[in-house]
Amino acid sequence: MLFYRRNFKSWIRIAVVMGIAGLAGLVVEHGLAAQDQSAATAAPESQVFTPAHPTVWSAVQEFFNYRPQPVQPIQFTHKVHLANGLQCVMCHVGVDQGPDARIPSDNFCMTCHRVIATDKPEIKKLTAYFNRGEDVPWQRVYGFLPSAHVKFNHAPHIRAGVDCSKCHGDMTKQTVAVRAVDHTMGFCIECHQQRNVSVDCVTCHY
Amino acid sequence: MVIDLDRCTGCEACVVACHAENNIATVGEDQAARARAMHWIRVERYYEGEFPNVKTKFMPVPCQQCGAAPCEPVCPTFASYHTIEGLNGQVYNRCIGTRYCANACPYNTRFFNFYNPVWDKPLDLQLNPDVSVRSEGIMEKCTFCVQRIKAGEVQAAAEKRLVKDGEIQPACVQSCPTQAMVFGDLSDPESEASRLARSNRATRLLDELGTFPKVTYLQRGSWHDNENA
Amino acid sequence: MTTKTPEQINEDLLRPLEGTSPRYLAALTFFVLVVLAGAAAFLHQVYAGLGVTGLNRPVFWGFYITDFVFWIGLSHAGTLISAILRLSNATWRRPVTRCAEVITVFALSIGAMFPVVHLGRPWLAFWLFPYPSERGIWPNIRSPLLWDFFAINTYLLGSVTFLVLPILPDMALVRDRTTGWKKKLYHVLSLGWTGTPRQWSRLEMAMRIMAVAVIPVAVSVHSIVSWDFAMAPVPGWHSTIFAPYFVCGAIFSGIAALIIAMALLRKFLHLEDYLLRIHFENLGKLLLVMSLLWFYFVFAERLTTWYGNGSSEMAVFWPTQSGSYAPLFWAMVVCNFVIPFPILAIKKLRTIAGTVVASIGVVIGMWLERFLIIVPSLSHKYLPYSYGSYRPSFTEIIITVATFAGLAMLYMLFSKIIPIISVWELKAGEVTETATAPALARPEQVRAD
Amino acid sequence: MERRDFLKISALSGAAAALDACGNPEHQLIRFIPEEDLTPGIATWKPSVCTLCPAGCGMLVRVMQGDAEVVRKGQLGLLKMGLAKKLEGNPAHPVNEGKLCPRGQAGLQVTYHPDRIRTPLVRSGPRGSGQFKEVTWDEATKQLAGQLSALASGKQQDRLAMVVPPLRGVKKSLLGAFAAALKAPAPVEFAFLDGGVVAAADAASFGPAEPPTADLGHSNYVLSFGADFLGTWNSPVAQSLAYGRMRAGRPGKRGKLVHFEPRISLTAGNADEWIPCRPGTEGALALSLCHVILRDKLAPAADAGHAGTLIEGWAQGLPDFDPEKAEQQTGVPAATIVRIAHEAATHQPAVALAGDSATAHTSGLFNALAVNALNALLGSAGKPGGILFTPAWTPSLGKTAEKSQAGGTLPALVKRIQSGPDAVKALLLFGANPVFAAPAAMQVREALEKVPFIASFGSFIDETSILADVILPDHSPLESWLDDAPVSGTARTVAKVAAPAMEPVHNTRGTPDVLLDVAHQLGGEAATALPWKSYDEALKAAFAPLQHEKGSVSATDPDEFWSKVREQGGWWSAEEKSLPVGGGKGSGVAATAAAPAFDGGADAYAFHLLPFATQMQYDGSLAHLPWMQEAPDPLSTVMWGSWVELNPATAKKLGIEQGNLVEVASQHGSVRAPALLAPGIAPDVVAMPVGQGHESFTRYASERGANPIAILAPMTVTGTDALAWAATRVKVARVGEGKIILFGARLHEMPEDVKHR
């Protein structure tokens, strides 16, 4: 009905209505997100650990598969590091050993950045963290939500010769890592089927 | 899996090992009083006779991983299904909580998360990162420690070999102080589990239901059998 | 019966549509509030978790599934009975069919809600729909719950069609008699009915086809509901008798519900001239037959269990006969047989009041029957170590009560919008009766009322 | 517009994302740079030692990286650190061979317990109120050192007392050395379940003053007198392993287990024959078996050697213990006694064990001596398939350790405190909980309240440490340097040591290190006597002599030896070698007390109270672990509570139904708990689990169930000063409705279709 024999004017009308609805949605969402935040700031005092969502709103967000891109404390650029001849596995040393690829600690970064590019503002931030004895609070970019009940292991994928870019996009073009590839179940299944790997549920879900 | 009832003492080391390995929540006193305590493996205790001629029997009951499992066909979403390796898989993510599988299970080895589980901090640090933490509304049960099976297979694949018999042990088998439990590949006739499953003491729980359980119980022997032999 | 003119019929039957009394509004408000309470209880359950129910291990199903089976059973009141009566051309059916069909549609909708209400994660209920996804997973067609899904949807669709088709002429009638926004509303509801001979013959044809089609669907629905239980190897469930037993029980409770509904309509909508004693008496006879049949099924089920003497079956048998569930069991027998049988069998007692009393007994008894099928079996499943018990929580009770209020609410709203007795069919009946005077309803018999 | 696009619009603003990012609480904490280099997701296994009971099992700790909220340098933050995730037995370890009991596995929860003391505390409210304020370690140690130096300057070092749980190995030596260096009496060892009576009997009969190692694995016939050796007695994992082998480990051979006890314990439940006997008459029963063996010439009296000579009338063939007389006394049919005696004598190797309630009557020592004589007569003392005695490792930390004065027992300490004001001016508590685990009649709490200064080194606020003025919380075992020298479970000499499996989660310090620190603060002789900077140095020094013994570790230089020992989780001798038997002293223990004495008259107090250690909570020291609360008791299936076990016939007579609240009263007090009807208990006995009934012991154990120890009579086992905890008579009455949480439905028999055969 909606898209049936419409003239230009009615299209505009629809656009306006939807725009208003969208704006209203934004306002509501931000309002709720602010509430969400106030609830979450109370969370460190929470004396329990539970897989429950902190708020109903966060549950709704997850239901609709809404995940914001993370904001990193330091604008680490993959592009520059890779352009300088580094390889993924040089920093992500766990990738061919076990489940977790690892993000190196400050110690590791500082092996180079004690001398390299020390005048850059982002490196100064890093040095400041290091000098305070703090690790950089990197934000998770990929990773499955707990409710997916998925266990992913990097090592077998590396051993099978899956290229890093297959799941993480072309990192030579990314500065701060963004979620370039949507790790949906369909994405996993497709590759598993192509490569004739088990698509049995308990291969990943346990 | 083979469980030798002649060795089992009912000490419940397996129960605690399972809790530790599989992130099973303790539900607390109130929920336990409402029959919602979760023990993927339990030791059933039966008394026979009256004082002073009382016999006690212990029988550990994990999920029997039936070959023809009643829990599998009834699940509308394939959350409970038969894996390629012959386990009764339980895909937590796919579970919508009809609890039909738990009703169909003759062994009552399925457990439901009536609430979101809770760990008083920092008890959450004990959680095994290899096993997912189930949330409210999800059915869960013994998986034969599928995370250990998978880890063993990945390890074997990395070393380009087959999994050796006895290499993979679920937590209960590993912990059993009397070595009453043996875990192995029943499709391999040479495995220790297969060998024991052919014992003349071998029985299966509620065998007449035709569920083809993959847990074999070796019945208690008698001292007098020994005498006559 | 004083033969009424078509105008009188119009007047009488369309009266409820024309205004509301304060009493009506009060009752409606009450029911709406109860329904809202139920909805709140459900939301609370979704928010907090299924732990707010009395369910436990091993009794994973309790009030909700009892309600589910009960309501689905109740839904057999209408469409099935109405279809049978239509096909057998029982003329006394005319004032009865619509109230019956309405019960079907509403009871079925309420019943179909319960599988979702009882889910651990109801927000994922849509996974029962067979829709293509990137994950490549379809629902499990081997699961009786999925059969339920399809059967209930089919039945619901069929029943709605069956209900709506004969409403169209009445909608047109109302449309023609009203003005303003109501006219517009009924214009839409009548779907362009003008009463041309072509439309009439199409309607007749459609009703005949639907009547034939809906009977096997109805039978299959409750058979499938019974297979939810019978397919699981649970002592007390795993029985071949379950499908006919459930269908019989369903029709049994359905007729009872119909009698109660008719009595209420008769009283509150002043339809004493249309819903006659003959209707109650005939339905009462049907109820009697079903009561006997039901008793036979219960007897047969119990006897075979007892005679077979399997230890796990007996573990379920004894608690219901003489153990903790015995009071409920014997209450069920009293409600379903001991009370209705003499009332319905003795002609003098088979009055409107009598049949209503019997029907109330049957509705209560059949609810108990569903409960007794589910809970004792689950609480005594094979290994005695895991025996359990069950006590419903407040949440479950309020949701159960709310569904009864829900039916009342829907019924009240429906009867305000649409004539609860088929006006055109009744008129058609009057015409045929005066013309041929075969009349099952002999005047003197009716006057005795 | 698609939902995705809509979301994109909202993402464009960026605000939502930013808000969400700081919505995650973890990101507001400081993240400390990890010190250890662990690969996340990959488990490493570190050896450790189980310290939860005296068995001394070797453990492997599964350590994986995780984020823990910790306090470092006074700041709360997240640290990626190695976290213990699971405890398993150490397969190389000779005692437990890779296995672990439920209690040992639950030890994990000690470390992560939400109510663990996280930082040093100083009492801020009245004593016993549980009000403490947090202080720094410097303040806390200064306070302790101040007290100790005040004592020293006043030459009142003998007014210092220490209470410890039974200790072994280097830790015992260190505490001894500490006491000696301060010129204070040696620590008082206290635990509800201690093997003192068995050790005393063994010393008398055979020589070695230690509990035996039961070589069940080679045994054909096992007679157990009260010893719950599969549950909590002695070294349960080692005994379970051996039991498994006895039952099904030898093709074609299956040993038989006969258990004598008035109640079905875990071991009795597994016995081929459970034979209830009257409480305290186990010794008479054992001697009656001996009588039959001697009478029927199944073995000569001389076979028993020294152990036999301790028994009066042994040479005459024990005329007082013929089966008919024994039937009168023990309640076991004479025919059964004769049959069992014949079976045991003809199915050697046969072994007899005495323990738990059998040794906790006033006749306990007699019972143990009688069972020893039976063992000797059966020829199983010091032989394979019988009882062996482990050549235990006794480390030395130099001369000071041996110089300390005798510490005495807990009753003696209580008497000392009450002998006058300031008889004891300072008391150090090392994790023992005597207020809970000693009968109220012993007045431990009243005594402790009189001590002006109490310092506690425990990790939890329990009934005893709540009285403390200063609490200096110890590391959890997994965070500590550990050592042990098991005396049972294997015939090898075992010296165990383990480095911390993980970094501390809280602001705690290892108690040995605190003691060394205090000693150094005190200076002078104390500092020179304890020269080590830290405990691991002391451990290394104590282990050094083992390098030259023949054992599991061979190394050329001390450092290599030390690192290899730590890698393996300890050192053990190459060969199994039992200590020689027969050289028993046997002095001073007249074995005449055959008839047990009981507190409370049989008329007013009609029932024997039989307390027993439970599989899950042990003696109550593990009641604070949620896993131990929720794991059902194997026999009663009770969770989260305690119970009064009654014979159904008794209960019927008293009008008590399952779950009713029952009052159990002795002459010394009363407790209330729900009734549990069980067929496996004699009609004149009521049993109660020890372990619940804590007044204050974390959120999981406080105010839960009842503590039967409280109402016990302060009677001792004749010939020793051990508490005779099974010698109290009680009366039982229903007082109302109660609540009992069972995991298993109720008492039930196995259905026919499950029995199979």
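Residues numbered from 1 in each chain as written. Chains lettered and ligands numbered in written order. Predicted model: local features only at pLDDT ≥ 70, side-chain atom pairs only at ≥ 80, totals over all residues. Heavy atoms only, no water.

Undergrad: Just to check I follow, could you spell out the overall build of chain A for this structure?
TA: Assigned secondary structure in chain A consists of 9 helices and 1 strand. The burial tally for chain A puts 29% of its 206 residues in the buried class. Here chain A has roughly 12400 Å² of accessible surface; of this, 64% comes from carbon and sulfur atoms. (Helix = DSSP H or I, 4+ residues; strand = E, 2+ residues; numbered from the N terminus. Buried < 20%, exposed > 50% of the residue type's maximum accessible area, 1.4 Å probe, protein only. Areas by Shrake-Rupley, 256 points an atom, 1.4 Å probe, with all protein chains shown as cover.)

Undergrad: Explain the overall build of chain B to me, please; I cannot follow it from the model alone.
TA: On a plain count of helices and strands, chain B comes out with 8 helices and 11 strands. Relative to a compact globule of 229 residues, whose C-alpha radius of gyration would be 17 Å, chain B shows 18 Å and is just as compact. Projected onto the principal axes, the alpha-carbon positions of chain B cover approximately 55 × 55 × 35 Å. Taking all 229 residues of chain B together, 70% fall into the buried category. Counting only contacts in chain B whose residues sit at least 6 apart along the sequence, the fraction spanning at least 24 positions is 60%. Working note: accessible area of chain B is about 6900 Å², and carbon and sulfur atoms make up 53% of it. (Rg over C-alpha atoms; globule rule 2.2 N^0.38 Å. Contact = heavy atoms within 4.5 Å.)

Undergrad: Can you help me understand the sheet that holds strand β19 (residues 494-498) of chain D in this one?
TA: Hydrogen bonds along the backbone pair up the strands of a sheet, which may run parallel or antiparallel. Residue and element names in this part refer to chain D. A sheet is described by the order of its strands in space; here 3 strands give the open sequence β18-β19-β20, paired in antiparallel fashion. Whereas interior strands pair on both sides, the edge strands pair on one side only; in this sheet they are β18 (482-484) and β20 (570-572). Between one strand and the next, the sheet's axes are offset by a mean angle of 10°, whatever the strand orientation. Sheet analysis places β19 next to β20, joined by 3 bridges and oriented antiparallel. Following the sheet pairing, K496 is matched in β20 by G570. Packed onto the sheet, helix α21 (residues 558-568) meets β19 and β20 and runs at close to 95° relative to β20. (Pairing = 2+ DSSP bridges. Axes fitted to C-alpha atoms, helices over the stretch in contact; angles between N-to-C directions.)

Undergrad: I'm lost on the interface of chain B and chain A in this one. Help?
TA: How big an interface is tends to be expressed through the accessible area that disappears when the partners come together. Counting residues at the interface gives 28 residues for chain B and 21 residues for chain A. At the boundary of chain B with chain A, total buried surface from both sides reaches about 2100 Å², with 64% on carbon and sulfur atoms. By the criterion of area lost to chain A, the three top residues of chain B are B:N93, B:K121 and B:K150, representing 22% of everything that side buries. If you look at where chain B meets chain A, you find 10 residue pairs in polar contact (both at pLDDT 80 or more). Here the side of chain B that touches chain A gets 5 residues from one element, more than from any other, and that element is helix α5 (residues 146-158) of chain B. Relative to strand β7 (residues 119-120) of chain B, strand β1 (residues 48-49) of chain A is paired through 2 bridges, and the arrangement is antiparallel. Note that in β7(B) the partner of A:F49 across the bridge is B:W119. (Buried area = accessible area lost by both parts, 1.4 Å probe. Polar contact = N/O pair within 3.5 Å; in protein donor to acceptor, adjacent residues only side chain to side chain.)

Undergrad: Got a minute to help me understand the interface of chain B and chain D in this structure?
TA: Chain B puts 72 residues into the contact, and the matching count from chain D is 92 residues. Summing both partners gives a buried area of about 6700 Å² for chain B against chain D, and 56% of it is carried by carbon and sulfur. Looking only at chain B, the three residues that lose the most surface to chain D are B:Y47, B:L125 and B:W223, adding up to 12% of its buried area. Our count for the contact surface shared by chain B and chain D stands at 6 salt bridges. A salt bridge links D:E88 to B:R148, with the nearest nitrogen and oxygen atoms 2.7 Å apart. For the interface between chain B and chain D, the tally reads 28 residue pairs in polar contact (both at pLDDT 80 or more). Mapped onto the side of chain B that touches chain D, the elements with two or more residues apiece are α1 (13-22), α2 (29-33), β2 (42-48), β3 (55-61), α6 (171-175) and α8 (223-228) of chain B. Looking at which element gives the most residues to the side of chain B that touches chain D, the answer is α1(B), with 6 residues. Counted by class, the side of chain B that touches chain D contains 32 nonpolar, 20 polar and 20 charged residues. (Salt bridge = Lys/Arg side-chain N within 4 Å of Asp/Glu carboxyl O. Nonpolar A, V, L, I, M, F, W, Y, C, P; charged D, E, K, R; others polar.)

Undergrad: Before we go on, may I ask you to explain the sheet that holds strand β3 (residues 58-72) of chain D in this structure?
TA: All names here are of chain D. The sheet built from 4 strands is open, its strands ordered β1-β4-β3-β2 with mixed pairing. Each having just a single partner strand, β1 (30-32) and β2 (44-49) make up the two edges of the open sheet. Taken pair by pair, the neighbouring strands of this sheet meet at an average axis angle of 50°, ignoring direction. Of the pairings in the sheet, the one linking β1 to strand β4 (residues 75-89) comprises 3 bridges and is parallel in character. Bridge pairing in β4 places F32 opposite L79.

Undergrad: For this particular structure, what's the right way to read the nonpolar core?
TA: A general trend in soluble globular proteins is that nonpolar side chains are found buried together. With 322 residues, the main nonpolar core has C:I420 and D:V664 as its most contacted residues. At 16 residues, helix α10 (residues 242-268) of chain C tops the list of elements feeding residues into this core. One finds D:Y243, D:F260, D:L294 and D:F366 within the second-largest nonpolar core, a separate group that totals 76 residues. (Core = buried A, V, L, I, M, F, W, Y, C linked by side-chain atoms within 4.5 Å.)

Undergrad: What's the story with unusual backbone geometry in this structure? I'm lost.
TA: A negative phi angle characterises most non-glycine residues, just as the trans form characterises most peptide bonds. Cis geometry marks the peptide bond from B:K121 to B:P122, where omega comes out at 0°. Note on placement: B:P122 falls in the loop between β7 and β8 (139-141). The amide bond that connects C:R57 to the next residue, C:P58, takes the cis arrangement and shows omega of 10°. Mapped onto the fold, C:P58 is located in the loop between α2 (22-48) and α3 (63-74). Of note, the phi angle at B:F144 is positive, near 60°, even though the residue is not glycine. In this structure, B:F144 sits in the loop between β8 and α5. You can call B:F144 buried: its relative accessible area is 5%. Residue D:D422 is not a glycine yet carries a positive backbone phi of 60°. You can see D:D422 is positioned in the loop between α15 (410-418) and β15 (426-429). A relative accessible area of 33% places D:D422 in the partly exposed class.

Undergrad: Any chance you could explain the pattern of salt bridges here in plain terms?
TA: Where side chains of opposite charge bring their charged atoms close, a pairing between them can arise. Residue and element names in this part refer to chain C. Tallied over the entire structure, the rule returns 55 salt bridges over all chains. Close ionic contact of D170 with R98 constitutes a salt bridge, the shortest N to O distance being 2.8 Å. Here D170, found in helix α7 (residues 167-177), pairs with R98, found in helix α5 (residues 97-117); they are 72 residues apart in sequence, far enough to count as distant. Here the two residues D170 and R98 agree in accessibility, since each one is buried.

Undergrad: Looking at this structure, how should I read the packing of aromatic side chains?
TA: Two measures describe an aromatic ring pair: the distance that separates the ring centres and the angle between the ring planes. In this structure the tally under the stated criterion is 52 aromatic pairs over all chains. Ring geometry for C:W193 and C:W200: centres 5.0 Å apart, planes at 90°, overall edge-to-face. Through a chain of ring-to-ring contacts, three or more aromatic side chains come together here, namely B:Y100, C:W61, C:F229, C:W237, C:F242, C:Y245, C:F246, C:Y296 and C:F297. Above the face of the B:F114 ring, B:R36 is positioned so that its terminal group lies 4.4 Å from the ring centre. One Lys or Arg, C:K416, reaches over the ring of C:Y24 and ends 4.7 Å from the middle of that ring. (Phe/Tyr/Trp six-rings, centres within 6.5 Å; stacked < 30°, edge-to-face > 60°. Lys NZ or Arg CZ within 6 Å of the ring centre and 35° of its normal.)

Undergrad: Explain the environment of C:L410 here, please?
TA: All names here are of chain C. Mapping L410 onto the fold places it in helix α16 (residues 394-417). Residue classification places L410 among the partly exposed residues on the basis of a relative accessible area of 25%. With 53 residues separating them along the chain, L410 and V357 place their C-alpha atoms 23 Å apart.

Undergrad: Hey, could you run me through α15(D) in this one?
TA: For an α-helix the count is 3.6 residues per turn, leaving residues at separations of three or four pointing the same way. All names here are of chain D. Here α15 has its buried residues at L410, L413, V414 and I417. The buried residues of α15 occupy an angular sector of 100° when the element is viewed end-on, so they sit on one face. Structurally, α15 contributes buried residues whose contacts are with β7 (160-164), β8 (188-189), β15, α16 (434-437) and α17 (444-449). (Arc of directions from axis to C-beta.)

Undergrad: How should I be thinking about the side chain of C:Q45 in this particular structure?
TA: Mapped onto the elements, C:Q45 comes out in helix α2. Non-local contacts of C:Q45, meaning those with residues more than four positions away in its chain, are made with C:L50, C:V52, C:T53, C:Y64, C:V117, C:T395 and C:I399.

Undergrad: I keep staring at a nonpolar patch on the surface and nothing clicks. Help me out?
TA: On the surface, A:V56, A:V60, A:F63, A:F64, C:Y47, C:W123, C:F126 and C:F129 cluster together into a nonpolar patch covering about 770 Å² of accessible area. The greatest single-element share of the nonpolar patch, amounting to 3 residues, is contributed by helix α2 (residues 56-63) of chain A. Note on placement: C:F129 falls in the loop between α5 and α6 (144-164). (Patch = residues over 30% accessible without salt bridge, like charges linked within 9 Å, V, L, I, M, F, W, Y side chains within 5 Å.)

By themselves, these are just geometric observations and shouldn't be taken as functional.
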